[in-house]
Amino acid sequence: MRVSFICPFILLISFFFLENISAQEKELDLLVDAMCVCITSDTAAEDGPDSQEVEDCFEGVMGEEMDKIDEMFADSSKTTEENEKYFQSDILPLMMSKLAGTCPQVITYFMQAAQQSANEQADSLKSNVELGINYSEAGKYNAAIEEFDKALSIEESKELYNYRGVAKVKKGDYYSALSDFDRALEFDPEFSQALANIGFAKLQIGDFNNAIIDLKSALELDSDNAKAYNNLGLAYLYTEQYVLAEEAFNTSIELDSTSADAWNNRGYGYTVQGLFEKSISDYREALSIDSSYIISINNLAFSFENLEYYEKAVNFYTKSLEYDGNNPNIYNRRALVYHELGDQDKAITDFKKAFELDSTELTYLTNVAYIYGFIENYSKAISIYDEILAQNPDNFDVIYQKAIAEYDSGDYKNAIVGFSEILNIEKTNAELYDYRARTRFKLEEYEGAIEDYTKSIEIYNADPVIFKERGESYLELNDKEKACSDFNKAKALDFEGIEDLISENCRN
């Protein structure tokens, strides 16, 4: 056992418990002699007190190897705590008294060694902290946490727990980070940084209401914390408290107008409320601070998309892909805009690219099928829907879209199977009844069509088209009275062009 001579014998003698006072005196005298001889020797002066030569010297004097000293002096009938307490209160004062009388230079040496060790530990602590901070800022979070672990093994402090908690937050280990921030607050309950960081971590795990409480507490202690106001704004935003969110973002921007996050987040708050013009202004401000801030680039494109400025939306989605070319969602959104612009080939290309990047998201492939249906390539659309259903046979939205493609292609027999399958589960969707009614009409199942139109009207009775179409079904059954009743209801609901049907069928 290699024993450090920072009071090395203190560590060893913590196990000493002598049977009686005379035994204690004898063993302590021998121990003191060994310390005086071995530690004050020329070898110790040259090589240090923890050298092999000193250990050999000590073994020669004591008659035992150093790693067996605990066996010599331990009292197995006592607990470790009891032995330590006895040592601190009785043995240590006696040993120090003997050392002071026999060779006081040993005490001086221990004090110097202790100071040297303290200096070394302080240097090591500083190095660990600096490395941890640098690793954290460089995105090497595991390495940062390892350095903070080393630092905490030397000295515990609120700052160190807070540093390690921040690294864990960046890593995404929010619950472990919360534990570190709580430890920091045990040292100082008014440590505002830790409180703010707790609020941020809770924000990340979706505990928005408690995040608000913690962030407000942090701001009561430090009202100049711009980041805390920004995070408070997000917490209010996620709980749909839009006025309070805007106020918090405003304060954050007032405290730090160079924060791209605050400008972007206020803009996002406007986007959520449909205030796209105001959001664009904030996103542009964020990009004036950081032109590569991809979140703002995406958000700006989305706002232009919703304002139907499709060319600008495409431009910003394209710019976003320059920074994040493997993001399937960006390709998906750009494809939707290409569709609005009428460029279906580019829409298909982007939807396919999105699915290539994330084949678990079947929505991207569904969108490809939709575009094929839109350009009336129904066979291709149906083929893709079949491919999706092979992976997910219970996807009712895909079954529905496939049935519509079959209806549009004139394949009414297969279309009605799809509509009926969904209606066995979903019985409150008026549009489904409308589609099956039209399919039945095409198949000349007029009574069935009337039945479905009637169920649709029971769900929603203000669609003039459905009254007109049910009226046409009654005409096929030569029931002009009911047909004319429906045509007149369609007229009352301002259906354009119904006058011709009325004049042809409903006047004597």
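Cut-offs used in this document
- Residues numbered from 1 in each chain as written.
- Predicted model: local features only at pLDDT ≥ 70, side-chain atom pairs only at ≥ 80, totals over all residues.
- Heavy atoms only, no water.
- Disulfide = S-S within 2.5 Å.
- Helix = DSSP H or I, 4+ residues; strand = E, 2+ residues; numbered from the N terminus.
- Buried < 20%, exposed > 50% of the residue type's maximum accessible area, 1.4 Å probe, protein only.
- pLDDT = per-residue confidence, 0-100.
- Contact = heavy atoms within 4.5 Å.
- Salt bridge = Lys/Arg side-chain N within 4 Å of Asp/Glu carboxyl O.
- Patch = residues over 30% accessible without salt bridge, like charges linked within 9 Å, V, L, I, M, F, W, Y side chains within 5 Å.
- Areas by Shrake-Rupley, 256 points an atom, 1.4 Å probe, with all protein chains shown as cover.
- Axes fitted to C-alpha atoms, helices over the stretch in contact; angles between N-to-C directions.
- Parallel < 35°, antiparallel > 145°, perpendicular 65-115°, else oblique.
- Left-handed = near helix turned anticlockwise from the far one by under 90°.
- Nonpolar A, V, L, I, M, F, W, Y, C, P; charged D, E, K, R; others polar.
- Core = buried A, V, L, I, M, F, W, Y, C linked by side-chain atoms within 4.5 Å.
- Phe/Tyr/Trp six-rings, centres within 6.5 Å; stacked < 30°, edge-to-face > 60°.
- Lys NZ or Arg CZ within 6 Å of the ring centre and 35° of its normal.

Asks: Please clarify how the state of the cysteines should be interpreted in this entry.
Replies: Each disulfide consists of one covalent bond between the sulfur atoms belonging to two cysteines. The full count for this structure, using the stated rule, is one disulfide. Residue pairing for Cys484: its cysteine sulfur links by disulfide to Cys506, the two sulfurs lying 1.9 Å apart. The sign of the -100° torsion about the S-S bond sets the Cys484-Cys506 disulfide as left-handed. Of this pair, Cys484 sits in helix 28 (residues 480-492) while Cys506 sits in the segment after helix 29 (498-505); the two residues are 22 residues apart in sequence, bridging distant segments of the chain. The exposure class assigned to Cys506 is partly exposed, which follows from its relative accessible area of 23%.

Asks: Please clarify how the confidence of the model for the protein should be interpreted in this entry.
Replies: When the pLDDT values of the protein are averaged, the result is 87; 82% of them are 70 or greater. Scored below 50 in pLDDT, residues 1-20 shows 59 contacts in the model against residues more than four places distant or in partner chains.

Asks: Teacher, can you tell me more about the pattern of salt bridges here?
Replies: A side chain with one charge can pair with a side chain of the opposite charge if their charged atoms come near. All told, the structure shown has 24 salt bridges when counted by the stated rule. Put simply, Arg334 and Asp350 hold a salt bridge, and the shortest N to O gap is 2.6 Å. Separated by 16 residues along the polypeptide, Arg334 in helix 19 (residues 328-341) and Asp350 in helix 20 (residues 344-357) bring together distant segments of the chain. Accessibility classification places Arg334 together with Asp350 in one group, the buried group. The shortest N-O distance in the salt bridge between Glu356 and Lys353 comes to 3.5 Å. Of this pair, Glu356 and Lys353 both sit in helix 20, separated by three residues, roughly a single helical turn. On the accessibility criterion, Lys353 (26% relative accessible area) is partly exposed. Overlapping salt bridges bring together Asp149, Arg164, Lys168 and Asp180 as one network.

Asks: It is not clear to me how a nonpolar patch on the surface should be interpreted in this structure. Could you clarify?
Replies: On the surface, Tyr238, Tyr268 and Val272 cluster together to form a nonpolar patch covering roughly 250 Å² of accessible area. Mapped onto the elements of the fold, Tyr238 is located in helix 13 (residues 226-238). For Tyr238, a relative accessible area of 39% puts it in the partly exposed group.

Asks: I keep staring at the packing of helix 26 (residues 446-459) against helix 27 (residues 464-476) and nothing clicks. Help me out?
Replies: The description of two packed helices rests on the angle between their axes and on the distance between the axes. Running from amino to carboxyl end, helix 26 crosses helix 27 at an angle of 155°, the nearest separation of the two axes being 9 Å. By the angle between their directions, the pair helix 26 and helix 27 is classed as roughly antiparallel. Viewed along their axes, helix 26 and helix 27 form a crossing whose handedness is left-handed. Here Tyr446, Ala449, Ile450, Tyr453, Thr454, Ser456 and Ile457 of helix 26 come into contact with helix 27, specifically with Ile466, Phe467, Glu469, Arg470, Ser473, Tyr474 and Glu476. Looking at side-chain class alone, the contact of helix 26 with helix 27 contains eight nonpolar, three polar and three charged residues.

Asks: Can you walk me through the nonpolar core in this structure?
Replies: The nonpolar side chains of soluble globular proteins are, as a tendency, buried together. The biggest cluster of nonpolar side chains holds 56 residues, and the ones touching the most others in it are Leu300, Ile384, Tyr400 and Phe419. The contact partners of Ile384, leaving out residues within four places of it in the chain, are Leu365, Val368, Ala369 and Tyr372.

Asks: Would you mind going over the packing of aromatic side chains with me for this structure?
Replies: Given two aromatic rings, one states the distance between the centres and the angle between the planes to describe the pair. In this structure the tally under the stated criterion is 12 aromatic pairs. With 5.5 Å between their ring centres and 65° between their planes, Tyr407 and Tyr412 make a pair best called edge-to-face. Ring centres of Tyr407 and Tyr435 lie 5.9 Å apart, and the angle between their planes is 85°; on these two criteria the pair is classed as edge-to-face. Here Tyr407 is found in helix 23 (residues 396-409), whereas its partner Tyr435 is found in helix 25 (residues 430-442), with 28 residues between them in sequence. Assessed through its relative accessible area of 14%, Tyr407 is described here as buried. Residue Tyr435 is classed as buried on the basis of its relative accessible area of 18%. Three or more aromatic residues joined by ring pairs make a cluster, and in this case those are Tyr400, Tyr407, Tyr412, Phe419 and Tyr435. One cation-aromatic arrangement involves Lys158 over Phe191; the distance from NZ or CZ to the ring centre is 4.7 Å.

Asks: Just to check I follow, could you spell out unusual backbone geometry for this structure?
Replies: Glycine aside, a negative phi is what most residues show, and trans is what most peptide bonds show. Even without glycine at this site, Glu376 takes up a positive phi of about 65°. Considering the arrangement of structural elements, one finds Glu376 in the loop between helix 21 (362-374) and helix 22 (378-391). Owing to a relative accessible area of 59%, Glu376 belongs among the exposed residues under this scheme. Notably, Glu444 is not glycine yet its phi reads approximately 65°, a positive angle. Considering the arrangement of structural elements, one finds Glu444 in the loop between helix 25 and helix 26. For Glu444, a relative accessible area of 59% corresponds to the exposed category.

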